[in-house]
Amino acid sequence: MAKSYAIGLISALAASASLSQSNTAFADGPLNFSPFSFPSSNSPQSSSGQSQSSTAPQASTAGAESAPPKVRNDNPRTSSAGFDPEPLERGAKMLKEISSSPNAKKAFELMKKQEETRQTELAAKAAEYKAMQAQAETERQRVIYDEQRKLAQHQAQTKSQMARYEDELARKRMQAENEYQRARNQELVKLQEESSMRQEQARRATEEQIQAQKRQTEREKAEIERETIRVRAMAEAEGRAHEAKLAEEVNRRILIDRANAEREKWIAAINTTFDHIGGGLRAILTDQNKLVVAVGGVTALAAGIYTTREGAKVIWGYVDRILGQPSLIRESSRGKYPWSGVFSRAWSSLSRAGNKESGSKNGNGFGDVILHPSLQKRIVQLAGATANTKTHKAPFRNMLFYGPPGTGKTMAARELARKSGLDYALMTGGDVAPLGSQAVTKIHQLFDWSKKSKRGLLLFIDEADAFLCERNKTYMSEAQRSALNALLFRTGDQSKDIVLALATNRPGDLDSAVADRIDEVLEFPLPGQEERFKLLKLYLDKYIAQAGSKKPGLVHRFFKGEPQKIEIKGLADDILMEAAAKTEGFSGREIAKLMASVQAAVYGSENCVLDPTLFREVVDYKVAEHQQRRKLAAAGGGSN
């Protein structure tokens, strides 16, 4: 037993020697462990646990696979393998001392207990290692299960995505088929519509051709009737002319006799006058002093007349420039000069009374102006607001009237000025461009003259887009730009003296600064059927019923006779309403021209009678002319 303990002690000493030797080994050599060494509980190897036990087999396998490099022996006392015997010798010496010591048995008991404790620790570490292996296996199984579960989920997701993708493809395919079918159906519908349109156009063309032939037949028939009437009228006119010629011959002889008597009387007076003048001239020519005085007097008289005339021209030009009406004004309710305002105001009051009577007779407060009820109400409101503004001395509001030509913009401006108690002045934008460099001066003179009105003045600029268009237009001259800038300067602030009213057919062409000065915008549309009916009644009364009611002068009556009055037969309101329905798209001016054409046709007829047949004929002719004009305008616009 003691021997075995001694052997174990020697081996421990050898292990400690080897460990001390290994501690002194170089870094480039491997660690060499003795096969008889066991890790102690106090050594670092015992505290490392499983890591050291797991790395030991790896180190052994690594040493088995590849041979360790040869260790350099720098200590001459060591062997070629690097073993140092000195610790062994010290161990043997210590063993001898322990053997000779009386406590040798206790030392061996202690070493035995240490060995048993080490064996117990090794067994616990082995059990712990096995538990760790089991835990690692369990973890590995769990990881495998998780990987399989994730793989199954991934496969399920992939399958669901494939199913959704296939469903999306099927839906897109069905949608594409539906789109194709819809496009095909639309194309079929379009082809059907085009076919029906072509059939409708062919039908309309045929109908228009039939109507054109019918109108041509009616026109030829009317031409034949007019020719018959004309021949008959010429025959009657020749008879009346022969009678008038005979009467005129008698009257001419009487006038010749009177003229001869008057001529002889004037010749005698002239001869007497020249006899006196000749006697005076002979007296002057025979007397030298009288001749000098006469020549000097005549020269002085001529010089005085010339000086007076030229001076009067200069003074009158100055007075006309200071007090007269500006040249841009075409029409005004004010007099040309301050002293002529009395007569103009008296005439305006008389005309106002006449307009009131005519307005009451026609059932319209605007006289000859027939507007849409809403527009007329708006103008009446503006007139009342302008009158109250003038009463309270507040700034006036500028206005813009726009709409097609002939819709009553100028007449509405006159009525607005009359109802608001203002003077009015009318100018045209086209008069500014020909003035050139003088346009700025004329514009300032116009506004200076307008401010002198004591009642306030409504300045109406017709065709305002002629010189108030956009300043970036390439065709706009520098003089026009200067005139526009002058007007913008004079209208920069709201005035208490002038109401600026602009009228244009193209409001979009106005300069943005001009549009900024506008406070009220009124649209004048083409008249509706009710307004056209009222206009037809108005101009029927003006051009037909009242034609020839004014008594001519004595001379006109003596030479041309009494004017023939027009007789109206069977022209009721339903015929006028029918004409109002036919004249769709006519402006107020075109309706006035239509009634003037009716008047001319009546005067050209045989008995000067207006009946429904003649009225319808003229209306149809003017409607066809209006449509032809619109076609030409559309063709001209398309070619441009």
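Above this note sits the structure.
Quick summary incoming for the structure in this document. (Residues numbered from 1 in each chain as written. Predicted model: local features only at pLDDT ≥ 70, side-chain atom pairs only at ≥ 80, totals over all residues. Heavy atoms only, no water.)

For the chain, the helix and strand inventory stands at 17 helices and eight strands. A total of 640 residues make up the chain; the buried ones form 25% of that total. Long-range contacts, defined here as pairs at least 24 residues apart, represent 77% of the contacts in the chain between residues at least 6 apart. By element, 57% of the accessible surface of the chain is carried by carbon and sulfur atoms, the whole surface being about 43200 Å². (Helix = DSSP H or I, 4+ residues; strand = E, 2+ residues; numbered from the N terminus. Buried < 20%, exposed > 50% of the residue type's maximum accessible area, 1.4 Å probe, protein only. Contact = heavy atoms within 4.5 Å. Areas by Shrake-Rupley, 256 points an atom, 1.4 Å probe, with all protein chains shown as cover.)

Under the defined criterion, the tally for this structure stands at three aromatic pairs. Where Phe 401 meets Phe 460, the ring centres are 6.3 Å apart and the plane angle is 45 degrees; that geometry is what we call tilted. One end of the pair, Phe 401, is in strand β2 (residues 399–402); the other, Phe 460, is in strand β4 (residues 457–462), with 59 residues separating them in the sequence. The two residues Phe 401 and Phe 460 agree in class, both being buried. Classification of Phe 401 as buried rests on a relative accessible area of 1%. By way of ring pairs, the aromatic residues Phe 401, Phe 460 and Phe 524 are connected into one cluster. (Phe/Tyr/Trp six-rings, centres within 6.5 Å; stacked < 30°, edge-to-face > 60°.)

The subject of this paragraph is the environment of Met 399. Here Met 399 lies in strand β2. For Met 399 and Ala 503, which are 104 residues apart along the polypeptide, the C-alpha to C-alpha distance reads 8.7 Å. In contact with Met 399, not counting residues within four places along its chain, are Leu 382, Thr 386, Leu 416, Val 499, Leu 500, Ala 501, Leu 502, Ile 518 and Glu 520.

Moving on: the packing of helix α8 (residues 373–391) against helix α9 (residues 409–420). Relative to each other, α8 and α9 sit at 40 degrees, their axes nearing to 8 Å. Compared by their axis directions, α8 and α9 come out oblique. Once α8 is placed against α9, the crossing between them reads as right-handed. Along the contact surface, α8 presents Ile 379, Leu 382, Ala 383, Thr 386, Ala 387 and Lys 390, while α9 presents Ala 412, Leu 416, Lys 419 and Ser 420. Counted by class, the contact of α8 with α9 contains six nonpolar, two polar and two charged residues. (Axes fitted to C-alpha atoms, helices over the stretch in contact; angles between N-to-C directions. Parallel < 35°, antiparallel > 145°, perpendicular 65-115°, else oblique. Left-handed = near helix turned anticlockwise from the far one by under 90°. Nonpolar A, V, L, I, M, F, W, Y, C, P; charged D, E, K, R; others polar.)

In this section: unusual backbone geometry. With a phi angle near 50 degrees, Glu 463 is a residue other than glycine that sits in the positive phi range. On the secondary structure map, Glu 463 appears in the loop between β4 and α11 (478–490). Despite not being glycine, Cys 608 shows a phi value in the positive range, around 60 degrees. One can find Cys 608 in the loop between α16 (588–603) and β8 (609–610). For Cys 608, a relative accessible area of 4% puts it in the buried group.

Below, the discussion takes up the sheet that holds strand β3 (residues 423–428). Here we have six strands laid out as an open sheet, ordered β1-β3-β4-β5-β2-β6, and mixed in their pairing. The strands lining the two open edges of the sheet, one partner per strand, are β1 (331–332) and β6 (520–523). Note: β4 against strand β5 (residues 498–504), five bridges, orientation parallel. Bridging from a neighbouring strand, Leu 457 pairs with Ile 498 of β5. Lying over the sheet, α8 contacts β2, β5 and β6, oriented at roughly 150 degrees with respect to β6. (Pairing = 2+ DSSP bridges.)

Right, let's get into the pattern of salt bridges. Counted under the stated rule, the structure contains 29 salt bridges. With its nearest N and O atoms 3.0 Å apart, the salt bridge here joins Asp 509 to Arg 506. Given a relative accessible area of 52%, Arg 506 falls into the exposed group. Put simply, Glu 584 and Arg 532 hold a salt bridge, and the shortest N to O gap is 3.0 Å. Of this pair, Glu 584 sits in the loop between α15 (573–582) and α16 while Arg 532 sits in helix α13 (residues 529–545); the two residues are 52 residues apart in sequence, bridging distant segments of the chain. Under the relative-accessibility criterion, Glu 584 is labelled exposed at 54%. (Salt bridge = Lys/Arg side-chain N within 4 Å of Asp/Glu carboxyl O.)

Our next topic: the pairing of β5. Most of β5 is tucked away, with seven of its seven residues classed as buried. Across the two faces of β5 the burial is the same, with Ile 498, Leu 500, Leu 502 and Thr 504 and Val 499, Ala 501 and Ala 503 all buried. Sheet topology places β2 next to β5; four bridges connect them, and they run parallel. Bridging across to β5, Leu 400 finds its partner in Leu 502.

The next subject is the nonpolar core. The tendency in soluble globular proteins is for nonpolar side chains to be buried side by side. With 31 residues, the main nonpolar core has Leu 459, Ile 461, Phe 467, Leu 468 and Leu 502 as its most contacted residues. For this core, the elements supplying multiple residues, two or more each, are β3, α10 (439–450), β4, α11, β5 and α12 (512–516). Those residues within four positions of Ile 461 in sequence are excluded, and the remaining contacts are Met 427, Gly 429, Phe 467, Leu 487, Leu 500, Ala 501, Leu 502 and Ala 503. The next biggest cluster of nonpolar side chains, apart from the first, holds 29 residues, and it includes Ile 566, Leu 576, Leu 610 and Phe 615. (Core = buried A, V, L, I, M, F, W, Y, C linked by side-chain atoms within 4.5 Å.)

The next thing to look at is a nonpolar patch on the surface. Among the surface-exposed residues, Trp 266, Ile 270, Phe 274, Ile 277, Leu 281, Leu 285, Leu 291 and Val 295 lie close enough to one another that they form a single nonpolar patch of about 820 Å² accessible area. Elements with a minimum of two residues in the nonpolar patch: α5 (104–286) and α6 (288–323). In terms of residue count, α5 provides more of the nonpolar patch than any other element does, six residues in total. The class of Val 295 is partly exposed, set by a relative accessible area of 47%. (Patch = residues over 30% accessible without salt bridge, like charges linked within 9 Å, V, L, I, M, F, W, Y side chains within 5 Å.)

All right, on to the side chain of Ser 332 then. In this structure, Ser 332 sits in strand β1. Within the local environment of Ser 332, its side chain forms a polar contact with the backbone oxygen of Tyr 424, the two atoms lying 3.1 Å apart. When residues no more than four places from it in sequence are discounted, the contact partners of Ser 332 are Gln 325, Tyr 424, Ala 425 and Trp 449. (Polar contact = N/O pair within 3.5 Å; in protein donor to acceptor, adjacent residues only side chain to side chain.)

Following both chains from N to C, one finds α13 and α15 inclined at 125 degrees, their axes separated by 8 Å at the closest point. Viewed along their axes, α13 and α15 adopt a mutual orientation that is oblique. The chirality of how α13 crosses α15 is right-handed. Contacts between α13 and α15 involve Gln 529, Glu 530, Arg 532, Phe 533, Leu 536, Lys 537 and Leu 540 on the former and, on the latter, Asp 573, Leu 576, Met 577, Ala 579, Ala 580 and Ala 581. When grouped by side-chain class, the residues that make up the contact of α13 with α15 number eight nonpolar, one polar and four charged.

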